Amino acid sequence: MNWQATVLTLFPEMFPGPLGLSLAGRALEKGLWTCRTEDLRQHGLGRHRAVDDIPFGGGAGMVIRQMWWMPLLLPLRHHQMCRVCILHLAGAR
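The notes below deal with the structure included here. Because the structure is a prediction, the values reported are computed rather than measured.

Quick look at the overall build of the chain
Okay, so step 1: Secondary structure summary: the chain contains two helices and four strands in total.
Okay, so step 2: Reading the secondary structure of the chain in the N-to-C direction produces β-α-β-β-β-α.
Okay, so step 3: A burial count over the chain gives 15% of its 93 residues as buried.
Okay, so step 4: Within the structure as shown, the chain displays about 7,900 Å² of accessible surface, and the carbon and sulfur contribution to it stands at 60%.

Considering the packing of aromatic side chains
Okay, so step 1: Using the criterion set out here, one finds one aromatic pair in the structure.
Okay, so step 2: Judged by centre distance (5.9 Å) and plane angle (50°), the ring pair of Trp3 and Trp33 falls under tilted. Placement of the pair is Trp3 in strand β1 (residues 3-9) and Trp33 in strand β2 (residues 33-39), with a sequence separation of 30 residues.
Okay, so step 3: Residue class for Trp33 comes out buried when judged on its relative accessible area of 9%.

Description of the pairing of β2
Okay, so step 1: Here seven bridges tie β1 to β2, and the two strands are oriented parallel to one another. Residue pairing for β2: Thr9 is matched across the bridge by Asp39.

Quick notes on the environment of Asp53
Okay, so step 1: By secondary structure assignment, the location of Asp53 is in strand β3 (residues 52-53).
Okay, so step 2: Asp53 sits 11 residues away from Ile64 along the chain, and the two C-alpha atoms are 6.2 Å apart.
Okay, so step 3: Excluding residues that lie within four positions of it along the chain, Asp53 makes contacts with Met62, Val63 and Arg65.

Thoughts on the side chain of Thr9
Okay, so step 1: You can see Thr9 is positioned in strand β1.
Okay, so step 2: Classification of Thr9 by relative accessible area gives buried; the value is 10%.
Okay, so step 3: Among the polar contacts listed, one links the side chain of Thr9 to the backbone nitrogen of Phe11, at a separation of 2.9 Å.
Okay, so step 4: Once residues lying within four places of it in the same chain are set aside, the contact partners of Thr9 are Phe15, Thr37, Glu38, Asp39 and Leu40.

What about unusual backbone geometry?
Okay, so step 1: Note that the residue after Phe15, namely Pro16, is joined by a cis bond; omega there is 10°.
Okay, so step 2: Looking at the secondary structure, you find Pro16 in the loop between β1 and α1 (22-29).
Okay, so step 3: The backbone of Ser22 shows a phi angle near 55°, a positive value even though the residue is not glycine.
Okay, so step 4: Summarising the element assignment, Ser22 is placed in helix α1.
Okay, so step 5: Owing to a relative accessible area of 55%, Ser22 belongs among the exposed residues under this scheme.
Okay, so step 6: Residue Arg49 is not a glycine yet carries a positive backbone phi of 55°.
Okay, so step 7: Its place among the elements puts Arg49 in the loop between β2 and β3.
Okay, so step 8: Residue Arg49 is classed as partly exposed on the basis of its relative accessible area of 39%.

So, how was this worked out
- Residues numbered from 1 in each chain as written.
- Predicted model: local features only at pLDDT ≥ 70, side-chain atom pairs only at ≥ 80, totals over all residues.
- Heavy atoms only, no water.
- Helix = DSSP H or I, 4+ residues; strand = E, 2+ residues; numbered from the N terminus.
- Buried < 20%, exposed > 50% of the residue type's maximum accessible area, 1.4 Å probe, protein only.
- Areas by Shrake-Rupley, 256 points an atom, 1.4 Å probe, with all protein chains shown as cover.
- Phe/Tyr/Trp six-rings, centres within 6.5 Å; stacked < 30°, edge-to-face > 60°.
- Pairing = 2+ DSSP bridges.
- Contact = heavy atoms within 4.5 Å.
- Polar contact = N/O pair within 3.5 Å; in protein donor to acceptor, adjacent residues only side chain to side chain.

In structure tokens form, the structure reads like this:
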């Protein structure tokens, strides 16, 4: 059985990137695992496919909107062999 990683990202061209090097890279070449990307911008909101918003409370920069991408994860929640890992700005929770 081959292991598959799906990365939800704004920059799909960055993958497999460092995951294609070293032991993980050799396993990728041998077909022991696959790295698939899902471009978040394709699922953005409105005419301009907006995926970001201003930070709550103001401040510099932009943050990814939180709730619009949840429907992308809903089909995965009942899949036995699926583990969802969501990185958070505040660190581990």
